[in-house]
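Overview (structure and organization)
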Amino acid sequence: MHPDQTPPEFALSLCDVLPAAAATPQVVADIADRALAESGAGSFRRLYVGSYFCDRLFLTQVPAQAQAAADFADQYGLQLTLVLPICSQHLLEPVKQLTRQLLDAHPAIDELVANDPAMLRFAADLAEAAPRPLRLATGRLLARSQRDPRYFELEAGPQPFALDDEAAFRLENLTRCRISRVEVDPFAPVVSTWRLTQTPLALHLPHAVMTTGHICAPASSDLPPERKFRPDGPCQHQCLQRITVHQAANDRGQDVFLTRQGRTVFFENPACVIDGPQPQRIIWTPADFLCSEGGSPWDQF
């Protein structure tokens, strides 16, 4: 960081971490305490709620999560960011309806994060019509960059950050769409942000997303028959009841650890260096918090 540069603000993300069964202000406080110790941040000024990866999780878990976060935020004067997930066509309208309800219920929400083009269009319309200021950000999944730490090529100099084509198009229309922030993943040892000189950045730490997708059936393979995934049955959050760590090797033969939580595979890269415009916000997600000690509240489903 340049000596004249203002240090980034820190935000704590509860997305895909805090289930409804454990959603209380005290649990939010416990997560915040651990995240402060891990990140070295002096304080958090914002909480992220919602889901980056799953529309079903958004519909079933986020109302309670958002309420617990709002209660905690009210005590400490924090603002809220609502993250909208990748959305399947048949759940698009329910997700939109719940988004409107959450905005009405929680005035502390002053920012929306969209992770696919359809939700980006929806969020832009909401921001334009909102009765209060509502900022819009492009989420970490709208980036189109190589995300695999097993390949040495990612260490061969700064890797450029690139947006989804439609997201990039909308960034060219900042005034109309009110896009005020772009989220960046630490997907390489050095990430170049020189293509993003006009928009503030937010950097996710300490993990980067490698890939995400539906793994409902294999995630339930060791569960009893009544808990196994069935295409015609309700979501029972089987994917979130196990954290799996895979050990692999990169092109140099060095160990690489890939962590699957829920439907997403992450890898840790807290030492990521940004080459170019620096992030004005760090988004810290303690992804292993609820499964690290004494089991997981997801087991209650």
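Residues numbered from 1 in each chain as written. Predicted model: local features only at pLDDT ≥ 70, side-chain atom pairs only at ≥ 80, totals over all residues. Heavy atoms only, no water.

1. Some points on the environment of Val184
Let me state the cut-off plainly: We count a stretch as a helix when DSSP gives it H or I for four or more residues in a row; a strand needs E for two or more, and each element gets its number in order from the N terminus. The cut-offs for exposure are 20% and 50% of the maximum accessible area for each residue type, with area from a 1.4 Å probe on protein chains only; residues under the lower value are buried, those over the upper are exposed, and the others partly exposed. In what follows, a contact means two residues having at least one pair of non-hydrogen atoms within 4.5 Å.
By secondary structure assignment, the location of Val184 is in strand S7 (residues 179-184). When its relative accessible area of 2% is taken as the criterion, Val184 is described as buried. Through-space distance from the C-alpha of Val184 to that of Pro279 is 8.5 Å; in sequence the pair is 95 residues apart. Those residues in contact with Val184 that lie beyond four places of it in its chain are Phe161, Val191, Leu201, Ala202, Leu203 and His204.

2. Notes on helix H2 (residues 55-76)
The line we're drawing: Take the residue count of a helix, subtract one, and multiply by 1.5 Å to get its expected span. Across the chain, bend at a residue is computed as the angle between axes fitted to the seven residues ending at that point and the seven starting from it.
Its 22 residues give H2 an end-to-end C-alpha distance of 29 Å, which sits within 8% of 32 Å, the value for a rise of 1.5 Å per residue. The sharpest bend along H2 comes to roughly 55 degrees, located at Gln61, with the proline Pro63 sitting one to four residues further on. Where H2 is buried, its residues contact helix H1 (25-39), strand S2 (46-50), strand S3 (79-83) and helix H3 (92-105). With its phi angle positive at about 70 degrees, Gly77 sits one or two positions after the end of H2.

3. A look at H3
This is how it is decided: Arc definition: it is the arc formed by the directions from the helix axis to the C-beta atoms.
For H3, spanning 14 residues, the distance from its first C-alpha to its last is 20 Å, which sits close to the expected 20 Å at 1.5 Å a residue. Turning to H3, its buried residues are Leu92, Val95, Lys96, Leu98, Thr99, Leu102 and Leu103. Seen end-on, H3 carries its buried residues on one side only, within an arc spanning 165 degrees. Check the buried side of H3 and you find it contacts H2, S3, strand S4 (109-114) and helix H4 (117-129).

4. Thoughts on the pairing of strand S11 (residues 243-249)
We count it as follows: Here the rule is simple: two strands pair whenever DSSP picks up at least two bridges between them.
Where S11 and strand S12 (residues 255-261) come together, seven bridges link them in antiparallel fashion. Across the sheet, residue Ala249 finds its bridge partner in S12, namely Asp255. Between the antiparallel neighbours S11 and S12 lie five residues, among them Gly253 with a positive phi of about 85 degrees.

5. Some thoughts on the environment of Thr60
Our working rule: Pairs of N or O atoms within 3.5 Å make up the polar contacts considered here, provided that, within protein, one atom can donate a hydrogen while the other can accept it, and that residues adjacent in sequence are counted only when both atoms are side-chain atoms.
Assignment of secondary structure puts Thr60 in helix H2. Residue classification places Thr60 among the partly exposed positions, given a relative accessible area of 44%. Thr60 sits 177 residues away from His237 along the chain, and the two C-alpha atoms are 9.8 Å apart. A distance of 3.0 Å separates a polar atom in the side chain of Thr60 from the backbone oxygen of Arg56. A polar side-chain atom of Thr60 sits 3.1 Å from a polar atom in the side chain of Gln61.

6. Side note on the packing of H2 against H3
What counts is decided by this rule: Angles shown run from 0 to 180 degrees and are taken between the N-to-C directions of axes, each axis being a line fitted to C-alpha atoms and, for helices, limited to the stretch in contact. Orientation labels follow simple angle bins: below 35 degrees gives roughly parallel, above 145 gives roughly antiparallel, 65 to 115 gives roughly perpendicular, and whatever is left gives oblique. Crossings are classed by handedness, with left-handed meaning an anticlockwise turn of the near helix from the far one by less than a right angle and right-handed meaning a clockwise turn. Under the convention adopted here, Pro, Cys and the residues Ala, Val, Leu, Ile, Met, Phe, Trp and Tyr are nonpolar, Asp, Glu, Lys and Arg are charged, and Gly plus all remaining residues are polar.
Following both chains from N to C, one finds H2 and H3 inclined at 15 degrees, their axes separated by 10 Å at the closest point. By the angle between their axes, H2 is roughly parallel relative to H3. With respect to the hand of their crossing, H2 and H3 are arranged in left-handed fashion. In this structure, H2 contributes Asp55, Phe58, Leu59, Val62, Pro63 and Ala66 to the contact, and H3 contributes Pro94, Val95, Leu98, Thr99 and Leu102. Classifying every residue of the contact of H2 with H3 gives nine nonpolar, one polar and one charged.

7. Some words on the side chain of Ser13
Position of Ser13 among the secondary structure elements: in strand S1 (residues 9-13). For Ser13, a relative accessible area of 1% translates into the label buried. There is a polar contact of 3.3 Å between the side chain of Ser13 and the backbone nitrogen of Cys15.

8. Some details on the packing of H3 against H4
What describes two packed helices is the angle between their axes and the distance between those same axes. Contact pair H3 / H4: the axes reach a minimum separation of 12 Å and the direction vectors enclose 30 degrees. Between H3 and H4, the angle is such that the two are roughly parallel. Helix-helix and strand crossings are classified by hand; for H3 and H4 the assignment is right-handed. Two secondary-structure elements touch here, H3 through Leu92, Val95, Lys96, Thr99, Arg100 and Leu103 and H4 through Met119, Phe122 and Leu126. By residue class, the composition of the contact of H3 with H4 is six nonpolar, one polar and two charged.

9. A look at the pattern of salt bridges
Our working rule: Any carboxyl oxygen of Asp or Glu within 4 Å of a side-chain nitrogen of Lys or Arg constitutes a salt bridge here.
Enumeration over the complete set of coordinates arrives at 13 salt bridges. A salt bridge links Asp185 to Arg140; the shortest N-O distance between them is 2.8 Å. Taken together, the positions of Asp185 in the loop between S7 and strand S8 (190-192) and Arg140 in the loop between strand S5 (135-138) and strand S6 (159-160) put the pair 45 residues apart, joining distant regions of the chain. Taken together, the salt bridges that share partners define one network made up of Glu9, Arg45, Arg46, Asp110, Glu111, Arg135, Arg181 and Arg281.

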